[in-house]
Amino acid sequence: MSALLSPEDLKRQALANVQDATESNAENPALTALRDSSLAALKAAVFPGRKTEQWKYTSLQPLADGHLNRRAAAAATPADLPKLGDYRLVLVNGRLDESTSALPDGVALIALMDPSNLDATPLNGKKIAALSMEFTPRITRAQSMDALSSQSNLSGYRSVIEGAQIYGRAMPMMMTAAGTIAPAKVFIMGVGVAGLQAIATARRLGAVVTATDVRPAAKEQVASLGAKFIAVEDEEFKAAETAGGYAKQMSPEYQAKQAELTASHITKQDIVITTALIPGRAAPVLVTEEMVKTMKPGSVIVDMAVSQGGNCPLSKPDEIVDVNGVKVAGFSNLPARLPADASSLFAKNLLAFLPLVTAEDGSLNLDTDDEIVTAMLLTRNGETVNERIQS
């Protein structure tokens with residue numbers, strides 16, 4: 001077992017994508033809208049979440065500038081706030097990192113925070129009002145604010161593109177005078193937002209697509225995209241979805257039956273993409289080491305859950321590992337490999353949300369009983385106020 005690409009190699013690839021994108025995306029429409037609207041009075045600044053090369057381009061400028069200035073944005077961190085003026089709202093484009101300590105006391109913070117694993121102590125110590133984009137409720141009115149969905153769409157698309165590139169063969173069936181090339185077989189494990197986009201993308205590329213999920217509603221969704229649904233459809237399967245639309249943790253007995261079905265199916269697949277995540281828990285293991293060893297040399301596994309432990313125990317964050325000719329790729333930040341689009345969609349999510357916390361005079365107002373704001377608010381005035389992270 002050997003690593004084909006190091007994290008440094010993957011970062012160089014991502015940075016090359018970023019540099020290509022900068023030529024055609026000098027202005028972000030969502031930020032322009034923020035600049036030109038009354039929301040500019042919020043005195044907000046936007047910073048990168050991860051100090052990695054993948055996110056440099058998606059670091060949005062302070063809203064007063066209204067466009068993506070790569071050099072300035074890449075250099076900016078929350079520690080630079082005193083230099084930038086009297087900002088009272090900080091927006092983090094991407095996931096929050098250890099830079100919380102650099103934030104001024106009493107500011108409001110909106111970011112992707114991984115709230116299920118968040119230590120709120122530093123936020124409460126600085127009396128920061130923290131709002132987590134992950135906790136955007138799944139209601140009709142909040143759809144335009146749902147950053148998880150917007151970024152997952154990009155992740156699902158990019159996972160197929162990355163998988164096809166690593167696979168290195170044609171995806172559609174091709175009939176030529178020299179012979180016929182069989183279509184690639186793609187198996188999507190987990191049919192949420194990312195999984196559905198992965199199915200649609202693989203189908204557009206001409207692959208034969210199958211998919212699995214523990215949620216009954218996924219069966220019809222998979223069929224609507226022209227793929228075949230694979231699952232153990234017993235009584236537990238029929239009740240395997242939460243009220244919020246997420247998958248429940250399945251019993252060991254069901255997992256064993258599903259693993260047996262998966263093991264027999266996965267041996268015939270060329271590309272396997274795993275997307276399964278359960279909020280607040282480690283990612284479930286879907287593809288075991290034994291299953292990987294039964295796959296054909298040249299096959300590819302793209303583990304989209306690698307940042308939460310992975311759906312395959314052989315995957316490593318931001319590496320491509322070779323296991324007897326099977327390439328196991330773990331991309332911890334797939335939206336960053338579509339930096340211009342990731343940045344634009346996240347800005348639009350913020351643009352949709354900010355009016356809910358904006359008073360009539362344009363100032364920040366968190367004194368609201370709006371169900372979206374209360375669902376997203378984690379900490380305020382030195383206390384943890386969200387029941388979902390209090391326990």
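Once a new chain begins, its residue numbering starts again from 1 and follows that chain's sequence as written. With pLDDT at 70 or above as the cut-off, local features in this predicted model cover only qualifying residues; side-chain atom pairs require 80 or more to be listed or tallied, and sums for whole chains, interfaces and linings still use all residues. By convention in this description, side-chain values take in all heavy atoms of the structure and omit both hydrogens and water.

Could you give an account of helix H6 (residues 147-167), with specific residues and numbers?
Its 21 residues give H6 an end-to-end C-alpha distance of 30 Å, which sits within 8% of 30 Å, the value for a rise of 1.5 Å per residue. Remark: exposure states derive from per-residue accessible area (1.4 Å probe, protein chains only) relative to the maximum for the residue type, with buried under 20%, exposed over 50%, and partly exposed in between. Only DSSP runs of H or I covering at least 4 residues are called helices, and only runs of E covering at least 2 are called strands; the numbering of each starts at the N terminus. Burial analysis of H6 places 15 of its 21 residues in the buried class, the great majority of the element. Polar contacts, as used here, are pairs of N or O atoms within 3.5 Å; protein pairs need one atom able to donate a hydrogen and one able to accept it. Residues neighboring in sequence count only if both atoms are side-chain atoms. Between a side-chain oxygen at the N-terminus of H6 and the backbone nitrogen of Leu148 the separation is 3.2 Å; the capping residue is Asp146. Following H6 by one or two positions, Gly168 adopts a phi angle in the positive range, close to 75 degrees. A helix is expected to reach a length of 1.5 Å times the quantity of its residues less one.

Pulling in residues and values, what's your account of the nonpolar core?
Ranked by internal contacts, the top residues of the largest apolar core, which has 35 residues, are Met171, Val186, Ile188, Ile199 and Val209. Where this core is concerned, the elements lending two or more residues are H6, strand S8 (185-189), helix H7 (193-204), strand S9 (208-212), helix H8 (217-224), strand S11 (271-274) and strand S12 (300-303). Pairs of residues are marked as contacts when any of their non-hydrogen atoms sit within 4.5 Å. Once residues lying within four places of it in the same chain are set aside, the contact partners of Met171 are Ala164, Pro183, Ala184, Val186, Leu205, Gly206, Ala207 and Ile271. Think of a nonpolar core as a cluster: buried Ala, Val, Leu, Ile, Met, Phe, Trp, Tyr and Cys residues, connected wherever their side-chain atoms sit within 4.5 Å. By size, the runner-up hydrophobic cluster in this structure holds 19 residues, among which are Leu131, Met133, Met145 and Ile372.

Pulling in residues and values, what's your account of H7?
The end-to-end C-alpha separation of H7 is 17 Å, in line with the 16 Å expected for 12 residues at 1.5 Å each. Taken as a whole, H7 has its buried residues at Ala194, Gly195, Gln197, Ala198, Ile199, Ala200, Thr201 and Ala202. Where the residues of H7 are buried, they touch H6, S8, S9 and H8. At the exit of H7 stands Gly206, carrying a positive phi of roughly 95 degrees.

Describe in detail the pairing of S9, supporting the description with residues and values.
Counting buried positions along S9 yields 4 of 5 residues, so the element is predominantly enclosed. Where S8 lies against S9, 5 bridges are found, and the strand directions are parallel. Within S9, the residue paired with Val186 across the bridge is Val209. By convention a crossover is right-handed if, when the strands point away from the viewer, the path from the first strand over the helix to the second runs clockwise. With respect to chirality, the unit in which S8 leads through H7 into the neighbouring parallel S9 is right-handed. Pairing between strands requires that DSSP locate at least two bridges from one strand to the other. Two strands pair when backbone bridges link them, and S9 and strand S10 (residues 228-229) are joined in this way by 2 bridges, in the parallel orientation. Each bridged residue has a counterpart across the sheet, and for Thr210 the counterpart in S10 is Lys228. Each parallel crossover has a hand, and for S9 linked through H8 to S10 it is right-handed.

Explain the confidence of the model for the chain residue by residue, including any values.
pLDDT: the predictor's confidence for each residue, scored from 0 to 100. For the chain, per-residue confidence averages 78 on the pLDDT scale, and 71% of positions sit at 70 or higher. In the model, residues 14-26 has pLDDT below 50 throughout and makes 20 contacts with residues more than four positions away in sequence or in other chains. Taken as a whole, residues 81-85 scores under 50 in pLDDT and shows 8 contacts with residues more than four places along the chain or in a different chain.

So what about the pattern of salt bridges? Which residues, and what values?
Two side chains carrying opposite charge are able to pair once their charged atoms lie near each other. Definition used for salt bridges: Asp or Glu carboxyl oxygen within 4 Å of a side-chain nitrogen of Lys or Arg. Across all of its chains, the model carries 9 salt bridges by this definition. Here Lys126 makes a salt bridge to Asp105, at a shortest N to O gap of 3.2 Å. Of this pair, Lys126 sits in the loop between helix H5 (121-125) and strand S5 (129-132) while Asp105 is found in the loop between strand S3 (89-95) and strand S4 (108-112), placing the two residues 21 residues apart along the sequence. On the basis of relative accessible area, Lys126 is assigned to the buried category, the value being 19%. The closest approach of N and O atoms between Arg215 and Asp213, which form a salt bridge, is 3.2 Å. Given a relative accessible area of 7%, Arg215 falls into the buried group. Through salt bridges that share partners, Arg141, Asp370 and Glu371 make up one connected network.

Provide a residue-level description of the packing of aromatic side chains, including the pertinent values.
For Phe, Tyr and Trp, rings pair up if their centres lie within 6.5 Å, where Trp contributes its six-membered ring, and each pair is then called stacked (planes under 30 degrees apart), edge-to-face (over 60) or tilted (otherwise). In this structure the tally under the stated criterion is 0 aromatic pairs. Across the ring face of Phe135, the terminal group of Arg388 is positioned such that the distance to the ring centre comes to 3.8 Å. Note on geometry: a ring has a charge over it if NZ (lysine) or CZ (arginine) is within 6 Å of the ring centre and within 35 degrees of the ring normal.

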